[in-house]
Amino acid sequence: MKVVYTWLKDFVDVTATPQELASRLALSGTNIGGVENGAHGAVIEAEVSSNRPDCLGHLGIAREVGAIYKLPVKPVLPKPAESTAKASDAVRVEIQTPDLCGRFTARVIRNVKIQPSPKWLKDRLEATGVASISNVVDVSNYVMLELGHPLHTFDYDKVRDHKIVVRKARPGEKIRTLDGIERQLDPNLCMISDGDSSRAVGIGGIMGGAETEISFSTKNVLIECAWFEPVAVRRAARFLKLHTEASTRFGRGADPEMAELASRRAAELILQLAGGELLSGVVDVYPGKRTPKKIRVTRAELLRVMGADVPDKEVESSLSALGFAPIRIDQNRGAEGSILATWECTQPSWRAEVEREIDLIEEIARIYGLDKFPPRLPAARQGAARLPHYEAETRLRERLIGLGYREILTIPHVAEERDALFRPEGVAPARLSNPLSEEASVLRSNGLVTMAAALEWNLNHGQRNARLFEIGRHYRLNGSDSVETPVLTLGATGEGRQKNLYEPSREFSFADLKGDLDSIGALAGSFEWHEGGPAWLHPARRGRLQLRSNEIGAAGQLARQVAEKFKFRQDVFLAEFDLDRFCSAVRAAKEARRYEPLPRFPGVERDFSLLLPDGTHFSSVVNAIQALNISEISGIEAADLFRGKNVPAGKYSLLVRITFQSREATLTDAQIGDYSARIVASLENNLGAQLRAQ
Amino acid sequence: MPFGVIYIAIMPNIENPTEKTLAALTINDPLAIEELFANEKARFDKQLAAKNPDEVNYALMKNAWLGRKAGVLTLISENWLKSAPPTLKPIVGQSLNQLKRHIEESLELFWVAAEKTSEEAASTRDRVDLSLPGVIRPAGSHHLIRQVFQEIEDIFFSIGFSVVEGPEIETPYYNFEALNIPEFHPVRDDMDTFYLELPKSATTPLLLRTHTSPMQIRTMEKQKPPVRVIVPGKVYRRDNPDATHSFAFHQIEGLAVDADITFCDFTGTIEYFVKQFFGPSVKTRFRPSYFPFTEPSVEFDVSCPFCGGIGTAASGGTCSKCKGAAWIELFGAGMVDPAVYGFVNYDAKKVSGFAFGIGIDRLAMLKYGIDDIQVFFQNDVRFLKQFP
């Protein structure tokens, strides 16, 4: 709403500069977009909030100004000269839908001269950004901007039978509106029709029809000034996708009492600018007349909510200026500042949204000044808690960052076919019914799809080395319920080690990923790795992750066919696991962790160089050794591995390093010799291993 | 008896006397013993003086004289001291200790000299070039948004706010109705909402929450006052993306409800937060505003922390952060509207409280001078590296 400073002065003798005024308005609740000095003086851009339709006119803003500066607001008292002929003989109005249209007033002016508006009127309209059309049409816009109430003018002679019927739209009904567009109507819409009501001549509260429009040949004018039910108007505007100055005002709640006054003001201006003869009286059908609500406000409640007091005088002056007519009704009314003070207020017709005591408290506080309530920090009455997994998640983050992973955040909206690449079978994705685009039409059913996209972005922008992690959620449907699951997703590509002065570079490999995951897994006990894994992973370089025999995720190299979809030209590694389960395990592991006394006797390492048939897993070696139940074995490591050269085909060489340690004594050579012999025998018998050297 | 002295003096090339006992050396008076020790001392000094001070010689000398198995001192102790007649034992012991001290001190000096020499040698050859890089093991980083979340969480946690999280997929009831935003409320026009495609059997529509405020309701449904929570999370609005809009962004909701929470407590809490976040010199301002779920509602402004609240940048031009306004609008907040308590069975006559919703992305953009919200979600490592 553009507020013209000089126009405002028609109503209130404000002396503050436009800048000062704008700043005071902003601090009392009228948001200000800016102040401009244009050809027609200062214009303040007021961004009126949706609960204040009364401020969508200069009079309403003037009322705010009056309250702020304690200045009187001049009353609007139009007294147009009337002829002896009665309006009620010239036009009839019938409201069939009082639930949608609470009031309809009609005035008739005969023998007007439609012509361009005078300069002062054009200037004011121009200053508010409204195009001038003709004197009569301009008057209706002018009055709307002045008093905040929309009006509509008909060419009286085009209204059939000079009769208006307000009714609901009929099935299949259409109307061509003033903007020339033919619109399909919905039976819930409130229509203005004429004659036998078969023809619609306007959509109530939104826009008039083209057929009864004022033109330069119009002789007689019918002024409509009505009141329409706000929710119905908002519904209608949304249904029609037609948002007008009128629908904004009616949709937020216009002042029903203003309808007649605005009509009279319009008549006065039309007579002044277009001449003619105003028929006496007004046809006023007013089924929705309300008795003004009484609302009480007490000092006790004011103190309870605001925490600091407001003097009686300030309470009364602000409420009076805003039209609430406060009256002290408590027994102590003689005593100023009484804690028992109670004021009874009357809701003004233009403030339908003020219904409760809290609403009045807000009015008092904002006019008094929010800065007058001294800030203080309230005492806490109980301890504060972090999220249940805060500690586990923090440990996880620290470790990931230590391992060189950078945290990312992604938007879960993805393309259906991309999500499907990583979506487990049988999972129902959460699709949007109103996506902005196909590329963002599904909420990710896994964290991998957005991780792959982040790697893709980096590779496409010349960043070939990336180690990333995301702590996020994936979104799925279970029937008609949504399921959001926190997940950790890792992504890595490029160098596993940067080249530097002392070492060459090395590409990130599956072993890097496994090592990183095992470092993380140590927080939660440790991960168990199992064969297999989802199809988006490379069949030869993937694994399933378990924690205490519960499957929680998978890790490995991205499968070639998926990598091709992203046009990846280098190996990409991904992992994902269920975060809640992991964090629970971290907590459990922490609870179960106990100190293990350090060994007092030295450990002894022995290396076993084995030739093993291809396909023999290290875990089989470990299992075979552990099966011997030699309690002095404290560690079994794979120390070296190679194929080819002196190793016969079908075999590979594995150097296994075993640490022996006793808690009771230093081990003797004889004991170690005995253990070694048993180990070798077991490996030879169970795995077909050959000992190369020890 | 001087005999021994003469014997040693005139027979210098005879076998090492420390390998023999005093008796074998036929020494039996204190003077001769002193002479014997003086000779050993002289022998040590001569040897030491003949050697360049370095680590090898130090080790050699130390081993030769102080070595536990066959060092000279060990031999003296074994051969002279142990078998000395009781009358001579004290003098042998004393002399031995003196000699030992002398050798240790001399070797210590020798070692210092050795170190100095080796340092000098190494200075040209082995000394590290401090201007060369070390071996970097690249560390990772927190996302900037996460850092800002953490900072804000910590500030509120320190004044008794618990952290809770909630679903991003919500029902219209929690996102709108229970927050006093009925259908067709004009505020809904400002929050263009994503909806989920659901099977026909669904009993309620599902949407992506447009703010973190639904957690106000969920929290109050679950617990009785006092309530003090903050809710970090992602929110969604169906806006076309550009430099200042993303259809996903981040908020922290705050809610405090108790028997005696007032507007003054509210402004005090917000002020505390902002001074912690932007620094103590920042000024604050509350402008009345409108939200359906708070009353009184406010917009909260801070004096522009970048130009010091004067609207003019250090360069003299208009401050680019506040665009000359001297104030920056930070977020909306207010006292919880009594109507909201009705939805969670709180007695609006007995409790009061406040709520706020802070946009994190905007805050981070302001604080770090980021001009495009999209960088948060592109995850370019060059961006991520800037905020370690």
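All figures in this text were calculated on a predicted structure; none of them were measured in a lab.

## Topic: the overall build of chain B
Of regular secondary structure, chain B possesses 15 helices and nine strands. The C-alpha radius of gyration computed for chain B amounts to 43 Å, which surpasses the reference 21 Å derived for 388 residues by more than 25%, pointing to a less compact arrangement than a globule. With the C-alpha coordinates of chain B rotated into their principal frame, the extents come out at 125 × 50 × 50 Å. Here chain B holds 388 residues, and 51% of them are scored as buried. Accessible surface, chain B: about 18200 Å² in total, of which carbon and sulfur atoms supply 54%. Here chain B holds 39 positive side-chain charges and 48 negative ones, and the gap between their average locations is 4 Å.

## Comments concerning empty space enclosed by the protein
Residue and element names in this part refer to chain A. Scanning the model with the defined rule gives four cavities of 30 Å³ or more in all. Within this model, the largest cavity holds a volume of roughly 120 Å³. If you trace the largest cavity, you find 13 residues lining it, with Asp 54, Leu 147, Gly 148, Asp 255 and Trp 350 closest to the centre. Ranked by residue count, the leading element in the lining of the largest cavity is helix α3 (residues 58-69), at three residues. When the residues that make up the lining of the largest cavity are grouped by side-chain class, the tally is six nonpolar, four polar and three charged. Two domains each provide a minimum of three residues to the lining of the largest cavity, namely domain 1 (2-69) and domain 2 (87-285). Roughly 70 Å³ of internal volume is contained in the second largest cavity.

## A word on the interface of chain A and chain B
Chain A puts 87 residues into the contact, and the matching count from chain B is 96 residues. Roughly 7900 Å² of surface becomes buried between chain A and chain B when both sides are summed, with 57% attributable to carbon and sulfur atoms. For the pair chain A and chain B, the number of links is eight salt bridges. In this structure, the salt-bridge partner of B:Asp154 is A:Arg386, at a minimum N-O distance of 2.8 Å. At the junction of chain A with chain B, the criterion picks out 40 residue pairs in polar contact (both at pLDDT 80 or more).

## Concerning the environment of A:Lys2
With respect to the element layout, A:Lys2 can be found in strand β1 (residues 2-4). In this structure the C-alpha to C-alpha distance between A:Lys2 and A:Pro187, which are 185 residues apart in sequence, comes to 35 Å.

## Comments concerning the sheet that holds strand β8 (residues 327-336) of chain B
Residue and element names in this part refer to chain B. Overall, mixed pairing links the seven strands, which are arranged β1-β4-β5-β9-β8-β7-β6 in an open sheet. Unpaired on one side and paired on the other, β1 (162-163) and β6 (284-291) mark the two borders of the sheet. Each of β1, β4 (227-236), β5 (248-258) and β9 (352-359) touches helix α7 (residues 144-158); the most contacted strand, β5, lies at about 5 degrees to it.

## Examining unusual backbone geometry
Between B:Pro225 and B:Pro226 the backbone carries a cis peptide bond, its omega angle lying at 0 degrees. Locating B:Pro226 in the fold gives a position in the loop between α10 (214-222) and β4. The omega angle of the peptide bond from B:Glu295 to B:Pro296 is -5 degrees, so this bond is cis rather than trans. Checked against the element boundaries, B:Pro296 lands in strand β7 (residues 294-303). In this model, A:Lys70 sits at a positive phi of 55 degrees, which is unusual for a non-glycine residue. Secondary-structure assignment places A:Lys70 in the loop between α3 and α4 (87-90). Of note in the backbone geometry, A:Ala325 takes a positive phi value of approximately 40 degrees without being a glycine. When you line up the elements, A:Ala325 lands in the loop between α11 (312-321) and β17 (327-328).

## Here we look at the domain arrangement of chain A
Per the domain assignment, the segments making up chain A are domain 1 (2-69), domain 2 (87-285), domain 3 (294-372), domain 4 (390-592) and domain 5 (604-693). Placing the centre of domain 2 of chain A and that of domain 4 of chain A at their C-alpha centroids yields a distance of 62 Å.

## A short note on the sheet that holds strand β18 (residues 342-346) of chain A
The strands that make up a sheet pair up through hydrogen bonds in the backbone, lying either parallel or antiparallel. Residue and element names in this part refer to chain A. Strand order in this open sheet of three strands is β16-β18-β17, and the pairing throughout is antiparallel. For this open sheet the edge positions go to β16 (294-298) and β17, each flanked by a neighbour on one side alone. Pairing analysis gives two bridges linking β17 to β18, with the strands arranged antiparallel. Paired with Ile 327 across the two strands is Glu 344, which belongs to β18. Its contacts with the sheet place helix α10 (residues 299-306) against β16 and β18, and it is angled at close to 65 degrees to β16.

Rules used throughout
Residues numbered from 1 in each chain as written. Chains lettered and ligands numbered in written order. Predicted model: local features only at pLDDT ≥ 70, side-chain atom pairs only at ≥ 80, totals over all residues. Heavy atoms only, no water. Helix = DSSP H or I, 4+ residues; strand = E, 2+ residues; numbered from the N terminus. Rg over C-alpha atoms; globule rule 2.2 N^0.38 Å. Buried < 20%, exposed > 50% of the residue type's maximum accessible area, 1.4 Å probe, protein only. Areas by Shrake-Rupley, 256 points an atom, 1.4 Å probe, with all protein chains shown as cover. Lys, Arg positive; Asp, Glu negative; His and termini not counted. Charge placed at Lys NZ, Arg CZ, Asp CG, Glu CD. 1 Å grid on protein atoms, 1.4 Å probe; cavity = no way out; pocket = protein on both sides within 12 Å on 5 of 7 lines; lining within 4 Å. Points joined across faces, edges and corners; volume = space filled by probe spheres on them. Nonpolar A, V, L, I, M, F, W, Y, C, P; charged D, E, K, R; others polar. Domains from an automatic or database assignment. Contact = heavy atoms within 4.5 Å. Buried area = accessible area lost by both parts, 1.4 Å probe. Salt bridge = Lys/Arg side-chain N within 4 Å of Asp/Glu carboxyl O. Polar contact = N/O pair within 3.5 Å; in protein donor to acceptor, adjacent residues only side chain to side chain. Pairing = 2+ DSSP bridges. Axes fitted to C-alpha atoms, helices over the stretch in contact; angles between N-to-C directions.

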